[in-house]
Amino acid sequence: MRDVVPPEWFTSGTVRNEVTIIGADGSEHRPDRVIIDGDKVFVLDYKFGAERKESYLWQVRRYINLYRKLGYKKVTGAVWYVPDDEVIYV
(Lines give C-alpha, C1' and ligand atoms only; values in the text may rest on other atoms or scores of the structure.)
Protein backbone atom coordinates (compact mmCIF):
# COMPACT_ATOMS: atom_id res chain seq x y z
CA MET A 1 0.00 0.00 0.00
CA ARG A 2 1.30 3.44 -0.88
CA ASP A 3 1.27 6.36 1.48
CA VAL A 4 -0.37 9.52 0.26
CA VAL A 5 1.94 12.52 0.01
CA PRO A 6 0.51 15.08 2.45
CA PRO A 7 -0.39 18.41 0.81
CA GLU A 8 1.17 20.32 3.72
CA TRP A 9 4.57 19.33 2.34
CA PHE A 10 3.84 21.94 -0.29
CA THR A 11 1.38 24.36 1.32
CA SER A 12 2.41 25.14 4.90
CA GLY A 13 5.31 26.42 6.92
CA THR A 14 8.59 27.86 5.81
CA VAL A 15 10.25 25.72 3.16
CA ARG A 16 14.00 25.38 2.73
CA ASN A 17 15.15 23.55 -0.40
CA GLU A 18 18.71 22.20 -0.48
CA VAL A 19 20.01 24.53 2.21
CA THR A 20 23.34 23.44 3.68
CA ILE A 21 23.56 22.53 7.35
CA ILE A 22 27.07 22.56 8.80
CA GLY A 23 27.72 19.95 11.46
CA ALA A 24 29.81 20.57 14.58
CA ASP A 25 32.71 18.82 12.85
CA GLY A 26 32.48 21.13 9.83
CA SER A 27 30.78 18.54 7.62
CA GLU A 28 28.17 19.81 5.18
CA HIS A 29 24.74 18.25 4.76
CA ARG A 30 22.04 19.26 2.30
CA PRO A 31 18.53 17.82 2.73
CA ASP A 32 16.29 18.13 -0.32
CA ARG A 33 13.45 19.86 1.52
CA VAL A 34 12.91 21.07 5.08
CA ILE A 35 9.56 22.38 6.25
CA ILE A 36 9.58 24.48 9.42
CA ASP A 37 6.12 25.11 10.85
CA GLY A 38 6.23 26.80 14.24
CA ASP A 39 8.18 24.50 16.55
CA LYS A 40 7.97 21.51 14.17
CA VAL A 41 10.50 20.54 11.53
CA PHE A 42 9.96 17.96 8.79
CA VAL A 43 12.90 16.77 6.70
CA LEU A 44 12.18 15.24 3.30
CA ASP A 45 14.62 13.57 0.95
CA TYR A 46 13.60 12.72 -2.61
CA LYS A 47 14.77 9.59 -4.41
CA PHE A 48 14.15 8.98 -8.09
CA GLY A 49 15.62 5.51 -8.60
CA ALA A 50 13.98 2.16 -8.01
CA GLU A 51 16.60 1.00 -5.53
CA ARG A 52 15.75 1.10 -1.81
CA LYS A 53 18.74 1.51 0.49
CA GLU A 54 18.97 1.58 4.25
CA SER A 55 21.56 4.35 3.82
CA TYR A 56 18.80 6.65 2.54
CA LEU A 57 16.97 6.28 5.86
CA TRP A 58 20.19 6.86 7.80
CA GLN A 59 20.79 10.00 5.76
CA VAL A 60 17.42 11.43 6.84
CA ARG A 61 18.09 10.39 10.45
CA ARG A 62 21.35 12.33 10.29
CA TYR A 63 19.49 15.42 9.07
CA ILE A 64 16.94 15.00 11.86
CA ASN A 65 19.71 14.81 14.46
CA LEU A 66 21.36 17.93 13.05
CA TYR A 67 18.14 19.90 13.38
CA ARG A 68 17.71 18.64 16.94
CA LYS A 69 21.21 19.87 17.71
CA LEU A 70 20.13 23.25 16.33
CA GLY A 71 17.52 23.35 19.09
CA TYR A 72 14.40 22.05 17.39
CA LYS A 73 12.57 19.51 19.58
CA LYS A 74 9.88 18.17 17.23
CA VAL A 75 11.77 16.90 14.20
CA THR A 76 10.56 14.13 11.90
CA GLY A 77 11.37 13.06 8.38
CA ALA A 78 10.82 10.78 5.44
CA VAL A 79 12.24 9.45 2.20
CA TRP A 80 9.93 9.90 -0.78
CA TYR A 81 10.48 7.54 -3.73
CA VAL A 82 8.90 9.87 -6.26
CA PRO A 83 8.40 7.58 -9.31
CA ASP A 84 6.50 5.07 -7.17
CA ASP A 85 4.94 7.75 -4.94
CA GLU A 86 6.06 5.74 -1.92
CA VAL A 87 6.84 7.45 1.38
CA ILE A 88 8.96 5.84 4.09
CA TYR A 89 8.78 7.73 7.38
CA VAL A 90 11.85 7.74 9.58
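This one's a predicted model, so the numbers in the text were calculated from it and none came from an experiment.

Trainee: How should the environment of Lys-69 be read in this particular structure?
Mentor: The residue Lys-69 is located in helix H2 (residues 54-69) in this model. By relative accessible area, Lys-69 is classed as exposed at 70%. Between the C-alpha atoms of Lys-69 and Gly-23, which are 46 residues apart in sequence, the distance is 9.0 Å.

Trainee: So what exactly am I meant to see when it comes to unusual backbone geometry here?
Mentor: With the exception of glycine, the majority of residues adopt a negative phi angle, and the majority of peptide bonds are in the trans configuration. In this structure, Glu-18 takes a positive phi of about 50° despite not being glycine. The residue Glu-18 is located in the loop between strand S1 (14-17) and strand S2 (21-22) in this model. The phi angle at Asp-85 is positive, at roughly 50°, despite the residue not being glycine. By the secondary structure assignment, Asp-85 is in the loop between strand S6 (74-81) and strand S7 (86-89).

Trainee: Hey, could you run me through the pattern of salt bridges in this one?
Mentor: Should the charged atoms of two oppositely charged side chains come close, the side chains can pair. Per the counting criterion, the structure on display carries five salt bridges. For the salt bridge of Lys-47 with Asp-45, the shortest nitrogen-to-oxygen distance reads 3.1 Å. Both residues of the pair, Lys-47 and Asp-45, count as buried. We note a salt bridge from Glu-86 to Arg-52, for which the minimum N-O separation is 2.6 Å. With Glu-86 in strand S7 and Arg-52 in the loop between strand S5 (40-47) and H2, this pair connects stretches of sequence that are 34 residues apart. Classification of Glu-86 by relative accessible area gives partly exposed; the value is 26%. In this structure Arg-52 comes out as partly exposed when scored by relative accessible area, which is 35%. Within this structure, Arg-52, Asp-84 and Glu-86 form a network of salt bridges that share partners.

Trainee: When you look at the nonpolar core in this model, what are you seeing that I'm missing?
Mentor: By size, the foremost hydrophobic cluster in this structure holds 15 residues, and its most contacted members are Val-34, Val-41, Val-43, Ile-64, Tyr-67, Val-75 and Val-79. Listing elements by their share of this core, those giving two or more residues are strand S4 (33-37), S5, H2 and S6. Looking at which element gives the most residues to this core, the answer is H2, with seven residues. Setting aside chain neighbours within four positions, we find Val-79 in contact with Asp-45, Lys-47, Tyr-56, Leu-57, Val-60, Glu-86, Val-87 and Ile-88. Of all hydrophobic cores here, the second largest spans eight residues; its members include Phe-42, Leu-44, Ala-78 and Val-87.

Trainee: Help me out: how do you make sense of the pairing of S5 in this one?
Mentor: Looking along a regular strand, one sees side chains alternate from face to face of the sheet. Most of S5 is tucked away: six of the eight residues are buried. Pairing geometry for S4 and S5, over five bridges, is antiparallel. Of the residues in S5, the one forming a bridge with Arg-33 is Leu-44. Remark: two residues form the turn of the hairpin made by S4 and S5, two consecutive strands paired antiparallel; Gly-38 in that turn has positive phi of roughly 65°. With H2 bridging S5 and its parallel neighbour S6, the resulting β-α-β unit is right-handed.

Calculation criteria
Residues numbered from 1 in each chain as written. Predicted model: local features only at pLDDT ≥ 70, side-chain atom pairs only at ≥ 80, totals over all residues. Heavy atoms only, no water. Helix = DSSP H or I, 4+ residues; strand = E, 2+ residues; numbered from the N terminus. Buried < 20%, exposed > 50% of the residue type's maximum accessible area, 1.4 Å probe, protein only. Salt bridge = Lys/Arg side-chain N within 4 Å of Asp/Glu carboxyl O. Core = buried A, V, L, I, M, F, W, Y, C linked by side-chain atoms within 4.5 Å. Contact = heavy atoms within 4.5 Å. Pairing = 2+ DSSP bridges. Right-handed = clockwise from strand over helix to strand, strands pointing away.

Just geometry here; none of it tells us what the structure is for.
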